[in-house]
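The lines below spell out each chain.
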Amino acid sequence: ELNYIHWKLQAGKCGLCSSVKACLSACGMACQGLQKGETLASLKRECDNLKKKLEEERGKLNDVELHQVAEKTEVLGALSVKTRRVLKGHGNKVLCMDWCKDRRRLVSSSQDGKVIVWDAFTLNKEHGITLPCTWVMACAYAPSGCAVACGGLDNKCSVVPLSLDKTENLAAKKKSVAMHTNYVSGCTFTNSDMQLLTCSGDGTCALWDVESGQLLQSFHGHTADVLSLDLAPSETGNTFVSGGCDKKANVWDMRSGQNIQSFESHESDINCVKYYPSGDAFASASDDATCRFYDLRADREVAVYQKDSIIFGASTVDFSLSGRLLFAGYNDYTINAWDVLKGTRVSVLFGHENRISRVRVSPDGTALCSASWDNTLRIWA
Amino acid sequence: MARDMSDKEILKMELEQLKKEVNTPRTPVSANCADTITFVEGMLPNDPLIKGVPDDKNPYKGDKGGCIIT
């Protein structure tokens, strides 16, 4: 067996004791304290067996698929959704956007280092914030509408209060809240302006107190970059879902920091996760060109949204107000609208001239906003 | 962070998690899907992107909306 033998060298690190020395004796000495018989091989076997058991347990209750239960549901008519606004102003790829609760304002962030607050009705740019780093990968509107959060390659997430005074330099009032050890890929305020939830390329998610910058809870479990997170709808309690490069989607308890449920059915990175409006399910978008729907009470994937003709990665998803439609943005520059229940594609939205980085339905469900690497955002209604 | 963990530590972490998850309470897919469908059907009539909104009520339809000139 392979007890005290150097298992494999991965990026200069010993697989047994993470010592950076590649020699047998260094590893043997460091591993003295490890339990005999608990080799990597036996651990791997135990893991694989448990994964099989988990699949079996989940399979026992998989008596039917979502689209089968939905056979009698009325078919949707064609969608009459078109581009109504094109928001131009960013000088480079738009990486993220978020709606304000007032249903007309939105915030967007870009590779050009700028964060812009727009009035989607009038196309007016209300605020512009220039950040010292490029690739602002994440941005979020505060529930009060009085601040925005943003972060990215600077490994931080900062909160900027929005001033009514147009002449004020907002960047000067920027306050660093979250500190990660790698890029910040996503952020959201919780139910108030006082707490911020972030996810990062460092493989963790974290909950922060905005006022003090204190780390309130950290969430460990992903084994690679975390790319997205979403908070459960407020009525359903204190959980959130995250997805990342380890192909896993994890559901977390915010208070205890525990990973409650995890799902590993995608075949590549999960780029985005979004809760269902009822809070009992969530959807994911992946580089494997599929989007999937997971029911939390059944603890399994219940639908896959895919087509042979769709070969490019899906980067972002969001639901329409009723949860009947799932909008998904892809790297082939299109947005597909899927019938969540029947599993069929209802519509394709063309218009962007580069990858879609984010899609978000407005809080009252009247419009869809899409952000793209073509430097623009579009409003569809 | 996972980056700083050895393969063994990562496997141990996964094992602990799997042991917990095998015992997660679950309910049949058919019941939950039926619930999802009921939820959707209840909310569908008010879904603006599906049902549409009359032009005069939709701020995005028609011209660019009002601008306030000061």
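Above this text you will find the structure in question.
Residues numbered from 1 in each chain as written. Chains lettered and ligands numbered in written order. Predicted model: local features only at pLDDT ≥ 70, side-chain atom pairs only at ≥ 80, totals over all residues. Heavy atoms only, no water.

Caption draft 1: Quick look at the sheet that holds strand β15 (residues 215-219) of chain A. Residue and element names in this part refer to chain A. The four strands lie next to each other as β12-β13-β14-β15, forming an open sheet whose pairing is antiparallel. Each edge of the sheet is formed by a strand with only one pairing partner; in this case those strands are β12 (184-189) and β15. Within the sheet, the average angular offset between the axes of one strand and its neighbour, ignoring direction, is 20°. Pairing analysis gives five bridges linking β12 to strand β13 (residues 195-200), with the strands arranged antiparallel. Among the inter-strand pairings, F189 is bridged to a residue of β13, identified as L196. (Pairing = 2+ DSSP bridges. Helix = DSSP H or I, 4+ residues; strand = E, 2+ residues; numbered from the N terminus. Axes fitted to C-alpha atoms, helices over the stretch in contact; angles between N-to-C directions.)

Caption draft 2: The arrangement of the environment of N182 of chain A in detail. Residues and elements named next belong to chain A. Of note, N182 is situated in the loop between β11 (175-179) and β12. Given a relative accessible area of 22%, N182 falls into the partly exposed group. Each C-alpha atom of the pair N182 and V81 lies 38 Å from the other, and the pair is 101 residues apart in sequence. (Buried < 20%, exposed > 50% of the residue type's maximum accessible area, 1.4 Å probe, protein only.)

Caption draft 3: Representation of the interface of chain B and chain A. The interface of chain B with chain A comprises 51 residues on the first partner and 84 residues on the second. For the chain B face of the interface with chain A, the top three residues by lost area are K8, L49 and Y60 of chain B, together amounting to 16%. At the boundary of chain B and chain A, one finds twelve residue pairs in polar contact (both at pLDDT 80 or more). Contributions of two or more residues to the side of chain B that touches chain A are made by α1 (7-22), α2 (29-43) and α3 (48-51) of chain B. Ranked by residues supplied to the side of chain B that touches chain A, first place goes to α1 of chain B with 14 residues. Tallied by class, the residues present in the side of chain B that touches chain A amount to 24 nonpolar, eleven polar and 16 charged. (Contact = heavy atoms within 4.5 Å. Buried area = accessible area lost by both parts, 1.4 Å probe. Polar contact = N/O pair within 3.5 Å; in protein donor to acceptor, adjacent residues only side chain to side chain. Nonpolar A, V, L, I, M, F, W, Y, C, P; charged D, E, K, R; others polar.)

Any functional reading would require information beyond the geometric quantities listed.
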